[in-house]
Amino acid sequence: MAAHLKKRVYEEFSKVVQIHQEEAPAKKLRLSKPSKSAALHIDLCKATNSTDALQYLLQFARKPVEVESVEGVVRILLEHYYKETDNSVRLKIASLLGLLSKTQGFSPDCIVDDAINTLCNEKSHQVLAQLLDTLLVIGAQLPDSATVRQRLIDVACKHLSDTYFGVRNKCLQLLGCLGLVDSTLNKESDGAGASIVMVRDVQSIISDYFGDQDPRVRTAALKAMLQLHERGMKIHQIIYEQACRLLSDDYEQVRSAAVQMVWVLSQLYPESIVPIPSSNEEIRLVDDAFGKISHMVSDGSWMVRVQAAKTLGSMLQVSPHFLEQTLDKKLMSDLRRKRTAHERAKELFASGEFSSGRKWADDAPKEKLDTNTVNLIASGACGAFVHGLEDEMFEVRIAAVEALCQLARSSPSFAEKCLDFLVDMFNDEIEEVRLQSIHALREISKHITLREDQLDTVLAVLEDSSRDIREALHELLCFTNVSTKECIQLALLELLKNLNKYPTDRNSVWKCLKFLGSRHPTLVLPLVSELLSTHPYFDTPEHDMDDPAYIAVLVLVFNAATSCPTMSALFSDHTFRHYVYLRDSLSHLVPPLRLPGRKQVYGLDSVDSGCGSGSVESAQLFLQQSLNRVSTIQNLEAPGAQELLNFTIRDLQRLGELQTELAGAADFCATYLRCQLLLMKALQEKLWNMAVPLCLKQNVTAAAAAQEILQETYKLEFLYSGLENRQVATIHHVRLQAKALQLVLTARTRQGLDSLINSCDKFLQDIESFQRLFLTELPHLQDSFVDKLLELMPRLSSCKPAELVKILQTTLRQSGLLQLRLPEQIHRATATIIEPTGESDNPLRFTSGLVVALDIDATLEHVQDPQNSVKVQVLYPDGQSHVIHPKPGDFRKPGPHRHRLITQVYLSHVAWTEPSQIEVRLLLAYSSSSTSLSSTASHQWWSDSMDGVPQPEAAVEGTIELSKPVKVYIMPKPARR
């Protein structure tokens, strides 16, 4: 009994009483940053000498400063500036003031007065120049403040008389950047002890320093005048004479700036008349400027020569006889002033005597004239392009070729005259010059026709070992006109030699012959019998269709036959069979032909002419109607909606195959609708009304669908170009739905609570990131999945994971299809591997453990930044996969939105018992951080306050297949002992 009572006593005393108290509100922590100005003040006060102060300032310059602290830091710096006696420290303070004035969000108008006041007492020229540079930065930050601008200009005019060149340079730079358009300036000058105020134009003040004793100041004055021109001020024509005098300056920087100045004035006043010195002749200003700049092509500095040659190419208003003079070193008679018969008779009468015969040839016509007084163009400017093309520096030769190309494009007559000079440049010793001359001739090919001797020089380049040179020449021949059938025969013979020597040029040579035949059908017609080896009476042997040279001849003939109907009568029976074969295998090279009498036998009648002019418009209309039809699936039951999506996807895929112009848009829409179809199947009714153990298979299928949707969204975002912000927001919306589906499926599989909480937190971060990235697009996403989640965001942030999953499941099933709006143009990134072809049965043999090089040649279409995104994948039969990143130099850009990849991949493996195939394909690498803007927000915070800031989401990286795989036979052999 006593034991029982004791037990009851212990029970009463051990009773736990819970007192429910109101939860204390969570304390909010405020992250405070230490004041930058206070820290700087403490550091500068600790400095015992100027060296320490300079070290503290250098350390401070490496640290970022918040916007709200800039003004305090500026005050501390100015306070120390007035106390400091060392020039280097004051110079660094002046530099820091300029850097702080550039801080985004800070208005430097509050420090203008202090910065100007420091100039009054400053004795050091270097510090003065740095302070003027700071004022220039302040003026650039306050472009709308007329008062500040005028004060800074007055300060610049006041210090223009400084003895130090750096101060004068900065003053001129300040006038050029801030000088008011069409305004006058007050410049003070001391004369006879009195201050005289002169009202002068900014251009006249700057032009006074064209004759400064320091060449750096003269250069700065010219650049300041050019800066005025760039800002919209019209330069006065009186500057032209001063600029022409500076073309003969002793310093190359001055001459270089003077060339720019003369060119600007020639574009502003091309038709103005200027006199020729020491004569009564007058010519147009643009012609005079052209002659003077042509003279600079023979300058002693190669940099001036390059600039002069480039400038000549943009002077398209020059008279034709001045233009043609640049191709002849002798002065043409058109550019020499001739005396009239009356003037010659007057001179003879003034001499007072006739020829006595005692002196040999004293009555001969006096052809030797003073070139300085009677020439309309300087003798040194004659043959300017000849001098440029023969220059010792290849940069000058390239600039001369480019200038010739620009001038010849706008003048067909000049293009014919400069043809020989450009063809001669094909033999230059520098590859870059040869390549540029080929491109230049390609640009003017519509104005020229090559003679046989010129074509012979051009075709000699096909022996070049550089692949870029050969392919550029093939492209040149595609657009070149030749004069005779012998030229066609010569071109074909040389191209076949090229094909035999460099088999990898096969596709380029075939394409060249395709255009060569289509441009010269009448010249190919007399050669058909010889090219095809046909005879009017005797049967000839059939050629081998595996011979690339014979295919090249057929490509030439068949493309010429499109414009020459009588040519088909010269074909033999096996030629028709070869046409059928090539029309199927090389349809991009062999055109459809109308061959009379052969339609029933070979089906060669052209069916390609049915594409009318409105086919693209009708296809575009069909695409839009398909999208509008899909938007009505909200009113259909699940089976009908899925069937409608399937039919629409099929139609869009077929549309992309038929209309290449709309292939990108059609594929984009089909992929987007496929994502919606997968999402609809994953959210079907029976999956969510059954217990998880009863639908494990369906659960796995839904998880696979969610993963596939994620992969497709990355394809939509990174594989297509031309997307607008609204389309990117739609893609991210579908991706967010897929992530929500993954989260719901994760919760249904009864995974651990910790992993579920982490998944919920990550999903909430995704929602916030979406809202931050596409804030401007949210009005277009009303009643969508994201819009409903953002309305429930306060509830989602505070609820438990189970409740969050339940809300997501309900919202997912209630959300409908988001309407897709197409932009004007969408292009899909594609790649085609040209080499290797994958057709060879001969294995590539190499010793195991060593490497063998596999040549890769591929064309890329609409790939953005291929140097960083395109990779080569090699997949071995045992499952090993190697990904190779090509070098940036392996990429060429033959045209807009088009790239060419020519590289080598090194293969290696252990010994095999028999040959096997490897797969080679191109991949497009992507990273979700490339479009995420959330990562940039964190850079606005400093490192000492990052503890409480949420880190951005980790970037998702992956690859997308860009090309079809090509199979290559290889055989690693065992090493010999």
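Computed from a predicted model, the values in this text were never measured in an experiment.

Okay, the overall build of the chain next. When you go through the chain residue by residue, the secondary structure sums to 44 helices and 18 strands. By the burial criterion, 46% of the 977 residues in the chain qualify as buried. For the chain, long-range pairs separated by at least 24 residues make up 72% of all intrachain contacts whose partners lie at least 6 apart in sequence. For the chain, the exposed surface amounts to about 52,400 Å²; the carbon and sulfur share of it is 51%.

At the junction of Glu835 and Pro836, the peptide bond is cis and its omega measures out at 0 degrees in the coordinates. With respect to the helices and strands, Pro836 occurs in the loop between strand E9 (830-835) and strand E10 (844-847). Not every positive phi belongs to a glycine, and Asp865 is a case in point at roughly 50 degrees. Along the chain, Asp865 falls in the loop between strand E11 (852-861) and helix H43 (866-869).

Attention shifts here to the sheet that holds E11. One open sheet accounts for four strands, arranged E9-E11-E15-E14; its pairing is antiparallel. Each edge of the open sheet is held by one strand with a lone partner, namely E9 and strand E14 (891-895). Across the sheet, the axes of successive neighbouring strands diverge by a mean angle of 30 degrees, strand direction being ignored. Where E14 meets strand E15 (residues 898-907), three bridges bridge the pair, whose relative direction is antiparallel. In the sheet register, Gly895 faces E15, and the bridge partner there is Arg898.

It is worth spelling out the environment of Gln620 at this point. With respect to the secondary-structure elements, Gln620 resides in helix H33 (residues 615-630). Taking the C-alpha atoms as reference points, Gln620 and Gln659, separated by 39 residues in sequence, lie 9.5 Å from one another.

Turning our attention to the pattern of salt bridges. Here the structure, examined in full by the defined rule, presents 38 salt bridges. Here Asp114 makes a salt bridge to Arg75, at a shortest N to O gap of 2.4 Å. Here the residue Asp114 occupies a position in helix H6 (residues 112-121), and Arg75 occupies one in helix H4 (residues 70-83), the gap between them amounting to 39 residues. For Arg898, the salt bridge is made with Glu861, and the minimal N-O distance between the two is 3.4 Å.

Before going further, it helps to examine the environment of Ala853. Relative to the helices and strands, Ala853 is located in strand E11. Sequence-wise, Ala853 and Ser908 are 55 residues apart; in three dimensions their C-alpha atoms are separated by 9.2 Å. Once residues within four sequence positions are removed from consideration, Ala853 is found in contact with Gln904, Val905 and Tyr906.

For the rest of this paragraph, the subject is the pairing of strand E17 (residues 957-961). Burial of the side chains of E17 is restricted to one face: Gly958 and Ile960 are buried, whereas none of Glu957, Thr959 and Glu961 on the reverse face is. As defined by bridge partners, strand E16 (residues 916-927) adjoins E17 across five bridges and the pair is classed as antiparallel. If you follow Ser927 over to E17, its bridge partner there is Glu957.

In this section: the packing of helix H26 (residues 485-501) against helix H30 (residues 548-561). Two elements in contact, H26 and H30, have axes whose closest approach is 10 Å; the angle formed by their N-to-C orientations is 145 degrees. Remark: the crossing between H26 and H30 carries right-handed chirality. Where H26 abuts H30, its residues Leu492, Leu496 and Leu499 lie against Pro548, Ala549, Ala552, Val553 and Leu556. Within the contact of H26 with H30, the residues separate by chemical class into eight nonpolar, no polar and no charged.

The next subject is the nonpolar core. Core analysis: the biggest nonpolar cluster contains 170 residues, and Leu135 and Ile206 have the highest contact counts within it. Sorting elements by how many residues they give to this core places H30 first, with eleven residues. In this structure, Leu135 is in contact with Ala115, Ile116, Leu119, Leu152, Val155 and Leu174, ignoring residues within four places of it in sequence.

So, on to H30. Here H30 spans 20 Å end to end across 14 residues, near enough to the 20 Å set by a 1.5 Å rise per residue. Among the 14 residues of H30, twelve are classified as buried, and the element is accordingly described as predominantly covered. Looking at the buried side of H30, the elements it contacts are H26, helix H27 (506-519), helix H28 (521-524), helix H29 (528-532) and helix H31 (573-585). The N-cap of H30, judged by a side-chain oxygen 3.2 Å from the amide nitrogen of Ala549 a few residues on, is Asp547.

The description of an aromatic ring pair rests on the distance of the ring centres and on the angle between the ring planes. Following the criterion strictly, the structure yields eleven aromatic pairs and no others. Seen in terms of ring centroids, Phe571 and Phe576 are 5.9 Å apart; in terms of plane orientation they differ by 65 degrees. Their pairing is edge-to-face. Phe571 sits in the buried class, given a relative accessible area of 8%. Judged by centre distance (6.5 Å) and plane angle (20 degrees), the rings of Tyr714 and Phe718 are stacked. Here Tyr714 pairs with Phe718, and both are found in helix H37 (residues 696-718), just four residues apart, close to one helical turn. Note on accessibility: Tyr714 and Phe718 belong to one class, buried. Each residue in the set Phe558, Phe571, Phe576 and Tyr579 is aromatic and connected to the rest through ring pairs, giving one cluster. Between the NZ or CZ atom of Arg216 and the centre of the ring of Phe165, over which it lies, the distance is 3.5 Å. Positioned above the aromatic ring of Tyr714 is the side chain of Arg735, whose terminal nitrogen or guanidinium carbon lies 4.0 Å from the ring centre.

Let's shift gears to the confidence of the model for the chain. Mean pLDDT over the chain works out to 79, with 81% of the residues at or above the 70 mark. Per-residue pLDDT stays below 50 along residues 19-24; that stretch engages in zero contacts with residues further than four places along the chain or on separate chains. Low pLDDT, under 50, characterises residues 332-338; the predicted model gives this stretch 20 contacts beyond four residues in sequence or across chains.

Another aspect to go through is the packing of H26 against H27. Packing of H26 against H27 leaves a shortest axis separation of 10 Å and a crossing angle of 170 degrees. Classified by the interaxial angle, the pair formed by H26 and H27 is roughly antiparallel. In contact with Ile488, Ala491, Leu492, Leu495, Asn498 and Leu499 of H26, H27 contributes Arg506, Val509, Trp510, Cys512, Leu513 and Leu516. Split into classes, the residues belonging to the contact of H26 with H27 amount to ten nonpolar, one polar and one charged.

This brings us to the side chain of Ser721. Relative to the assigned elements, Ser721 resides in strand E7 (residues 720-721). Beyond its immediate stretch of four places on either side in the chain, Ser721 contacts Gln825, Ile826, His827, His862 and Gln864.

Relative to the elements of secondary structure, Ser445 occurs in the loop between helix H23 (431-443) and strand E5 (449-450). Within the local environment of Ser445, its side chain forms a polar contact with the backbone oxygen of Arg442, the two atoms lying 2.9 Å apart. When near neighbours in sequence (up to four residues on either side) are disregarded, Ser445 contacts Phe479, Thr480 and Asn481.

To continue, consider H33. With 16 residues, H33 ought to run about 22 Å at 1.5 Å a step, and its terminal C-alpha atoms sit 23 Å apart, in line with that. The set of residues buried in H33 consists of Ser615, Ala619, Leu623, Ser626, Leu627 and Val630. Burial along H33 is one-sided: seen end-on, the buried residues are contained in an arc of 115 degrees. Here the buried face of H33 lies against helix H34 (638-658) and helix H35 (663-682).

The rules behind these values
- Residues numbered from 1 in each chain as written.
- Predicted model: local features only at pLDDT ≥ 70, side-chain atom pairs only at ≥ 80, totals over all residues.
- Heavy atoms only, no water.
- Helix = DSSP H or I, 4+ residues; strand = E, 2+ residues; numbered from the N terminus.
- Buried < 20%, exposed > 50% of the residue type's maximum accessible area, 1.4 Å probe, protein only.
- Contact = heavy atoms within 4.5 Å.
- Areas by Shrake-Rupley, 256 points an atom, 1.4 Å probe, with all protein chains shown as cover.
- Pairing = 2+ DSSP bridges.
- Axes fitted to C-alpha atoms, helices over the stretch in contact; angles between N-to-C directions.
- Salt bridge = Lys/Arg side-chain N within 4 Å of Asp/Glu carboxyl O.
- Left-handed = near helix turned anticlockwise from the far one by under 90°.
- Nonpolar A, V, L, I, M, F, W, Y, C, P; charged D, E, K, R; others polar.
- Core = buried A, V, L, I, M, F, W, Y, C linked by side-chain atoms within 4.5 Å.
- Expected span 1.5 Å × (residues − 1).
- Polar contact = N/O pair within 3.5 Å; in protein donor to acceptor, adjacent residues only side chain to side chain.
- Phe/Tyr/Trp six-rings, centres within 6.5 Å; stacked < 30°, edge-to-face > 60°.
- Lys NZ or Arg CZ within 6 Å of the ring centre and 35° of its normal.
- pLDDT = per-residue confidence, 0-100.
- Parallel < 35°, antiparallel > 145°, perpendicular 65-115°, else oblique.
- Arc of directions from axis to C-beta.

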